[in-house]
Amino acid sequence: MVINRTSKQRVGAAAGGLFVLVLATCVGGALGGGAGLFHMYGESQLGAVAAFAAMSALVVGSHSAVCCWAYVTRPGPVRLVVAHVPWLMTYLVFAVRWPDPWWPLGYLGWAWAALAAAGVLTAWWLGGSRGRGRGSLVYALVMVVLLGGNTMALGWHIWTRTRGFGLVGELSPEAAVRALEATSCLSETGRWYHDAGVMVEADCPDGESYSLRYQGVHDDAFDTLITNAQPRQAFARWWMVQDTYRYHVVLGLWSQGRRAQGSAVVLTYRVEWASDGRFMPGDRRFELDRASETWTVTVVQVAMGGWKVDRIDVPEPIQVADRGFTR
């Protein structure tokens, strides 16, 4: 009778744990889908919504399994903390940092998986394998693989996103100028550009943050595309116009010539002023003396290969005249 009662208790505990796991997975997926649809992505990106819902279901469901394990086994406080920390950190990091364009949402899943594996493995080791030669060896080997592999992956991500900490350039001089144009968020030809040969879209204010365009907000990648502060001034003039007049400026760069100058390449562009903004009653207004100017862009090769914009000269810039406030 004791054996039968114990068996029934185990079956009941297993059934209860399975129920909690399924319920938590469904709730996590539903909450993730709702957050993705109504807050993060919207109806235009249903694939991303589904991916986030699946990740949420996996994170919350696996956390419920850890909670059931803790309830049944009653581990010591150290093991309990080690087991729960990866999930608690995942929730905290998501609440504080996501969505973040520099670290796409997939990296949250990557960080959670690595931390969860380390936490579960450490809880197992603390539970009985600590001090045992074979168990400790397995623990050490797996942790080395986790730590080494994820450190290399993290380093590669940072290296590529910072263009080798400024040491890597674009594949051609024209590509360097196009990337600078797109990431300035002033481009008439749009946001797309080649980032070291890969087509990417500049992160410009859009949707609810569209008004930030008028403050000169641009993609952070802009600052990694130049070798010094001088080229920034050509774009900063127009960011200042946007910030001063709350009038969205668009610039069109049209190639006019190319010549070699030692190890550098000098490109000439006709830059035409355009806009999708408009004055409203009470706005501070301005006028221009002409609609275009010429930029002489010097592009140089950098230490690790590739090209970066080194200098932009504007011999006769468009003059902006302040017309004051109008009713």
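Residues numbered from 1 in each chain as written. Predicted model: local features only at pLDDT ≥ 70, side-chain atom pairs only at ≥ 80, totals over all residues. Heavy atoms only, no water.

### Details of the overall build of the chain
A tally of regular secondary structure across the chain gives 7 helices and 8 strands. Residues classed as buried in the chain amount to 35% of the 327 residues present. For the chain, the proportion of contacts with a sequence separation of at least 24, taken over those separated by at least 6, is 62%. A total accessible area of about 18700 Å² is found for the chain, and carbon and sulfur atoms account for 64% of it. (Helix = DSSP H or I, 4+ residues; strand = E, 2+ residues; numbered from the N terminus. Buried < 20%, exposed > 50% of the residue type's maximum accessible area, 1.4 Å probe, protein only. Contact = heavy atoms within 4.5 Å. Areas by Shrake-Rupley, 256 points an atom, 1.4 Å probe, with all protein chains shown as cover.)

### Some thoughts on the confidence of the model for the chain
Detail in the predicted coordinates should be disregarded across regions flagged by low pLDDT. Of the residues in the chain, 85% have a pLDDT of 70 or more, and the chain-wide mean is 82. Mean pLDDT per element in the chain: helix 1 (residues 2-40) is the minimum at 73, and strand 6 (residues 292-301) is the maximum at 93. (pLDDT = per-residue confidence, 0-100.)

### Points about the side chain of S56
Along the chain, S56 turns up in helix 2 (residues 46-73). Residue class for S56 comes out buried when judged on its relative accessible area of 12%. Not counting residues up to four positions away in its chain, the partners in contact with S56 are G28, G29 and G32.

### Considerations on the sheet that holds strand 3 (residues 249-261)
Spatial strand order, 3-4-6-7: 4 strands in an open sheet with antiparallel pairing. Each end of this open sheet is capped by a strand with a single partner; those strands are strand 3 and strand 7 (307-313). In this sheet, neighbouring strand axes are inclined to one another by 30° on average, regardless of whether the strands run parallel or antiparallel. Of the pairings in the sheet, the one linking strand 4 (residues 264-275) to strand 6 comprises 8 bridges and is antiparallel in character. Residue pairing in the sheet places Y269 in a bridge with W295 of strand 6. (Pairing = 2+ DSSP bridges. Axes fitted to C-alpha atoms, helices over the stretch in contact; angles between N-to-C directions.)

### Some points on the nonpolar core
Judged by nonpolar contacts, the single largest core of 37 residues is most densely connected at W295, V297, V309 and I312. Elements represented by at least two residues in this core include exactly helix 6 (173-183), helix 7 (232-245), strand 3, strand 4, strand 6 and strand 7. Per-element tally for this core: the top contributor is helix 7, with 6 residues. (Core = buried A, V, L, I, M, F, W, Y, C linked by side-chain atoms within 4.5 Å.)

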